[in-house]
Amino acid sequence: MQPDSPLDWGVLRAYPGFVNASVSRAAVLAPVLALVVVSGGCRPPASGARTLNAALGEYGIDFGAMGKAAVIDEFKRQGKKMAFHTLVATNGRLRAELEITSPLPQPLAKRYGASKYAVFDSLYDPHRHPYPGAITTLIRCPKDKKPEPVQVPALGGNVLVLLADASGRYTFGVWQKGLVKHRGAYCVVYHAGSKSLLEVKLFQPSGQFERDAVLAAIGSLRSLEGR
Amino acid sequence: MMRLPRRSCLFASILFGCAALAAGPDAAPPKNILIVCINCLRKDRVGAYSRVSNTPNIDALAKSGAFVFKNYVTRATWTEPCLFELFTARDFRRGGRRILETLHVNKEITDPGAMLGDISLLDSGAMLAPGGKPYNCLWSYRQRLDQVLELNVIRTIQPPFVMFCHTTSLHIPFATARDSVDPRTAVDALLPSSHEHYLKSLAFTKDPKGLPGDTIPANMSFMMAAFGAETALCRKLGANYGWIVNEQLLSAWRGSPTYDMEIDILRRLYGANVRATDCALGRLLALLKRRGLLDSTIVVIMGDHGEHLMERGYLEHWMPYDEVISPPLIVKVPGMLTERKSIEEQVWTRHLLPTLLALAGVTLNEKTRKGIDGRSLLPLLRGKREDIAAFAVSERRTHMIRKNDGWKLIWHRTTGKKELYNVKTDPGERRDLAGKHPEIQAALEEELLLHVLGAPQGGSDR
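The sections below set out a description of the structure shown in this document. Quantities reported herein were computed from a predicted structural model and do not represent experimental measurements. Just so you know, the residues in each chain are numbered from 1, in the order the chain's sequence is written. Both sets of labels track the order of writing: A upward for chains, 1 upward for ligands. Predicted model: local features are reported for residues with pLDDT of at least 70 only, side-chain atom pairs are reported and counted for 80 or more only, and whole-chain, interface and lining totals are derived from all residues.

## Some points on the sheet that holds strand β10 (residues 391-395) of chain B
Residue and element names in this part refer to chain B. Strand order in this open sheet of four strands is β10-β11-β12-β13, and the pairing throughout is antiparallel. Only two strands of the sheet have a single partner each, and these edge strands are β10 and β13 (418-422). Averaged over neighbouring strand pairs, the angle between their axes works out to 15 degrees when direction is ignored. Two strands make a pair as long as DSSP finds a minimum of two bridges between them. Going along the chain from the N terminus, every DSSP run of H or I of four or more residues is numbered as a helix, and every run of E of two or more is numbered as a strand. One ladder, built from five bridges, connects strand β11 (residues 398-403) with strand β12 (residues 407-412); its direction is antiparallel. Each bridged residue has a counterpart across the sheet, and for Arg-402 the counterpart in β12 is Lys-408. Between the N-to-C directions of two axes lies an angle of 0 to 180 degrees, each axis being a line fitted to C-alpha atoms and, for a helix, fitted only over the stretch in contact.

## Some details on the pairing of strand β8 (residues 157-166) of chain A
On a regular strand, each side chain points to the face opposite its neighbour's, so the side chains alternate between the two faces of the sheet. Residues and elements named next belong to chain A. Within β8, seven of the 10 residues are buried, which leaves it mostly tucked inside the rest of the structure. Two strands pair when backbone bridges link them, and strand β7 (residues 148-154) and β8 are joined in this way by seven bridges, in the antiparallel orientation. Across the sheet, residue Val-152 finds its bridge partner in β8, namely Val-159. Here β7 folds back onto β8, and the loop between the two strands holds two residues, one of which, Leu-155, carries a positive phi near 50 degrees. We call a residue exposed when 12 or fewer other C-beta atoms sit within 10 Å of its C-beta, buried when the count reaches 20 or more, and partly exposed for counts in between; the C-beta positions come from the backbone.

## Quick notes on the sheet that holds strand β9 (residues 182-191) of chain A
Residue and element names in this part refer to chain A. With antiparallel pairing, seven strands are arranged side by side in an open sheet as β2-β3-β4-β10-β9-β8-β7. If you trace the sheet from one side to the other, it starts and ends with β2 (70-78) and β7, each paired once. Adjacent strand axes in the sheet meet at a mean angle of 20 degrees when their direction is disregarded. Sheet analysis places β2 next to strand β3 (residues 83-90), joined by eight bridges and oriented antiparallel. Residue pairing in the sheet places Gln-78 in a bridge with Ala-83 of β3.

## Side note on the nonpolar core
Put simply, a nonpolar core is a cluster of buried Ala, Val, Leu, Ile, Met, Phe, Trp, Tyr and Cys residues tied together by C-beta atoms within 7 Å. With 99 residues, the main nonpolar core has Val-36, Val-300 and Ile-330 of chain B as its most contacted residues. A per-element tally of this core places helix α15 (residues 259-290) of chain B first, with 12 residues. Start and end positions for the domains come from either an automated domain assignment or a database one. When residues are assigned to domains, this core turns out to be shared by domain 1 (6-174 + 274-390) and domain 3 (397-453) of chain B, each giving three or more. Setting aside its immediate chain neighbours within four residues, Val-36 of chain B contacts Cys-165, Leu-281, Val-300 and Ile-301 of chain B. Ala-65, Met-66, Ile-100 and Ala-213 of chain A belong to the second largest nonpolar core, which has 60 residues in total. A pair of residues counts as a contact when their C-beta atoms, built from backbone coordinates, are within 7 Å of each other.

Next comes the structure, spelled out in structure tokens:
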């Protein structure tokens, strides 16, 4: 992906390994099995609750084991040309927050996706301090609080996944240690088949964060086409 | 910096000088233009908008016959994009990478001339015309109005002139009132002398000497200086701006017995600064009147954006609620009105320059008209009802779209959270209707998204 819009230049600047880094499919899928074995599978959704896979089926997308998670919040709205679909689901171990925008032509989706990464990236930018105080005029994000970029194969392509801390309200950012309640994964994925752009956030309590399992869950995103 | 750097003066000279030339030799004598852009000015402190007023001079100007725009929306919640649009009439997203960088990095742009210098409108020569007399220009940027008044040029500038005064008197830290205020005006009246230590603390010294020991841990100014006021309640609001929040200090401040008093003092200090700025403005207008220039001068009083004073837990001007994105805009055109006239239609920052040029009698050529995004409000001022800005967008990391019918969507891009209000039925934006009107929300989301991505769209404001 080349920065072709005013908004996406920050992405490659922040993540120079965006294009080249990769994780093998085997390395990604192995922890999926581990997650299934360790967790005994995902908790079945409450009776009558819609599963994430049922919701994603509208777009021809399957979320693997994570797709069995129960949708606990859903809001779909239809605009003139595109629809917006917000989904929150949980399987007891992982919480998934998805926002799906469709249909989006690929060039527009590329720009939108890049702008989403740029906004995420900007959370960790140094900030000029607005006050002429004696304490500091510039606050830089400590290295250990910056997101960890990982490439994961999903939906037929390599997806940049950012692993970062989040607050008790599932908000990514530079939080003081006491405020970090979750760790999560953030990514934006495009599904060409349905022309849908998915913003995916997965969270786990910070003490129980299973890096490989979370990456594997994202790696389990696949298209239902041709099955 | 008392005067704009040379390049910026050149810009202003080109812009307005050429504008004057374009009027042609047979046109009526050009009017002078005075734009006073008061940083962080809120509508609810101006008598033309509110029953509570700290601004007797602005109120008098409005009452004497001025257009009061009730729904003026700024392009962004901070200064540079607003000034960019004010002086180019173009969307600031078209202004090149330097402008766009400010979306992501809170970078100070200290030289607006450099910021605006590569704008094609200025280079196009579209407004050049033979003959005529160029405007004399004075541009002060980020100066207190009372400092501008000390300039000799104020007393000697000859018509026709353009004066642009951007004043930061109302910006945090609210320490300027104490330095600049006329002893006969606000501060002493608004602040009891027992609050003197807060004035001292608002100078942002780290040294607690001189402050009462029992209030130091919860000292508002210390906290603001250390961690940024905009983070003050970010935990509660689920928002985050990349600052590390010191929860202990926040808790100490919020839970302190001085909390309410400090907020009250903060608001009073803001009011005192408004009063002081209005006082300086009164002196400027009086000076122009004494010189016999006021009756031939278009006077614009505006805010580049407003300010939060702990509404919803916010300070400063980061969030696109109406306290911030809908500041005052008052335009007095000599000989056009004899009393105040309210304009209810929504207008946008980019409309002001074409309006001023139209009022000055400048006819833009076709090429220039196509190059700008704003349009003249002159028909609106003459009583023709027009949907000038069907939508207005304001942005930072949090984006906002506000429709002429009052519907407004706020999109927190870092969290994905959205808020929906109708500012006509709920002017205080108290009732978040997100999720309750799917069709309206989707339409606004779509329009905002397409705007942010710069895609062609229907329902443009042009």
